[in-house]
Amino acid sequence: MGAAFQATVICLILLHGCNAAAQDDEWKSATATYSKETEGSIIIEGACGYGDLHRSSYGKYSAGLSSMLFNRGSTCGSCFEVRCVDHILWCLQGSPSVTLTATDFCPPNYGLPADYGGWCNFPRAHFEMSKAAFAEIAEKRADIVPVQYRRVKCERSGAIRFTVYGTSFYYQVLITNVGSDGEVVGVKVKGSKTGWIPMGRNWGQNWQCNLNLSGQPLSFEVTTSTGRTVTSYNVAPPTWRFGQTFQGKQF
């Protein structure tokens with residue numbers, strides 16, 4: 001029985017499905033540039049909704065992804081290993097790699113050709129990195145470099161974080177610092193007076209539901225793209241307030 005067939009059988013038995021993208025040993029081709037933003041961040045308010053990337057722990061190892069990789073925001077939080085290849089002038093010796101977290105969208109510019117300025121035009125695979133991270137794989141003098149990338153598991157320090165926002169009858173939670181495959185595909189919330197309530201994706205990794213959860217301790221269930229689920233009970237006390245951040249379990 002071949003290894004590929006065995007893996008397929010295991011996936012069917014688990015009934016969760018298999019997402020090879022969570023950790024894919026196959027290197028794929030792309031390109032990379034770097035942002036001119038200061039302090040090593042891409043931007044402060046990116047398309048994944050993480051806000052200040054240093055405060056959300058992603059910092060300089062953040063990346064904006066072209067639409068080919070961004071997948072309408074569902075890739076937010078996932079991790080990619082990236083290395084510069086096939087350019088003797090710009091790639092650092094030995095092709096060192098960095099691991100990046102998807103935190104933003106690199107929009108297309110169809111006013112420019114895909115091979116000259118329109119780096120994020122569909123269907124190109126492209127990473128917009130921080131200047132500091134880019135300098136770990138290539139010379140900063142380069143405008144754009146050829147790279148190889150692959151999905152890897154996210155190594156996070158500490159617990160998953162839940163930041164709550166909203167109004168009396170509108171509840172939203174931003175989920176950050178997710179380990180394992182990092183790509184959240186499902187969220188449920190539970191108060192002391194409710195059952196488990198599925199939340200819908202608002203944008204990026206902001207999830208929402210229309211109800212009043214004030215005065216109730218909050219529990220969360222988070223599911224990633226490989227079908228793994230972690231449940232964090234009573235992470236927020238009954239006295240929680242909008243704008244606060246709470247910590248739950250980690251994968």
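Residues numbered from 1 in each chain as written. Predicted model: local features only at pLDDT ≥ 70, side-chain atom pairs only at ≥ 80, totals over all residues. Heavy atoms only, no water.

Colleague: So what's going on with the pairing of strand 2 (residues 62-65)? Which residues, and what values?
Modeller: Residue alternation in strand 2 divides its side chains into two sets, S62 and G64 and A63 and L65, and both sets are buried. Alignment of strand 2 against strand 4 (residues 97-105), held across four bridges, turns out to be parallel. The partner of L65 across the bridge, within strand 4, is F105. Sheet topology places strand 2 next to strand 5 (residues 126-129); three bridges connect them, and they run antiparallel. Residue pairing in the sheet places G64 in a bridge with E128 of strand 5. (Buried < 20%, exposed > 50% of the residue type's maximum accessible area, 1.4 Å probe, protein only. Helix = DSSP H or I, 4+ residues; strand = E, 2+ residues; numbered from the N terminus. Pairing = 2+ DSSP bridges.)

Colleague: Could you give me a rundown of the confidence of the model for the protein, with the residues and numbers involved?
Modeller: Predicted confidence across the protein gives a mean pLDDT of 87, with 86% of residues reaching 70 or more. Under a pLDDT of 50 for its full length, residues 1-20 has, in the predicted model, nine contacts with residues more than four places off or in other chains. Long-range and interchain partners of residues 39-43, a stretch whose pLDDT sits below 50, account for 20 contacts in this model, where long-range means more than four residues apart. (pLDDT = per-residue confidence, 0-100. Contact = heavy atoms within 4.5 Å.)

Colleague: I'd like a rundown of the packing of aromatic side chains, residues and numbers included.
Modeller: A complete count under the given rule lists 10 aromatic pairs for this structure. Note on Y34 and F134: the rings are 5.0 Å apart at their centroids and 50° apart in plane angle, and the pair reads as tilted. Placement of the pair is Y34 in strand 1 (residues 28-34) and F134 in helix 3 (residues 131-134), with a sequence separation of 100 residues. In this structure, Y34 and F134 share a single accessibility class: buried. Aromatic rings pair up to connect F80, F127 and Y149 into one cluster. (Phe/Tyr/Trp six-rings, centres within 6.5 Å; stacked < 30°, edge-to-face > 60°.)

Colleague: Explain the pattern of salt bridges to me, using residue names and the numbers behind them.
Modeller: If you walk through the whole model with that rule in mind, you get four salt bridges. One salt bridge connects K60 with E136, and the closest N-O pair in it is separated by 3.1 Å. Of this pair, K60 sits in the loop between strand 1 and strand 2 while E136 is found in the loop between helix 3 and strand 6 (145-152), placing the two residues 76 residues apart along the sequence. E136 gets classed as partly exposed once you look at its relative accessible area, which sits at 29%. One salt bridge in this structure joins E183 and R151, with 3.2 Å as the shortest N-O distance. (Salt bridge = Lys/Arg side-chain N within 4 Å of Asp/Glu carboxyl O.)

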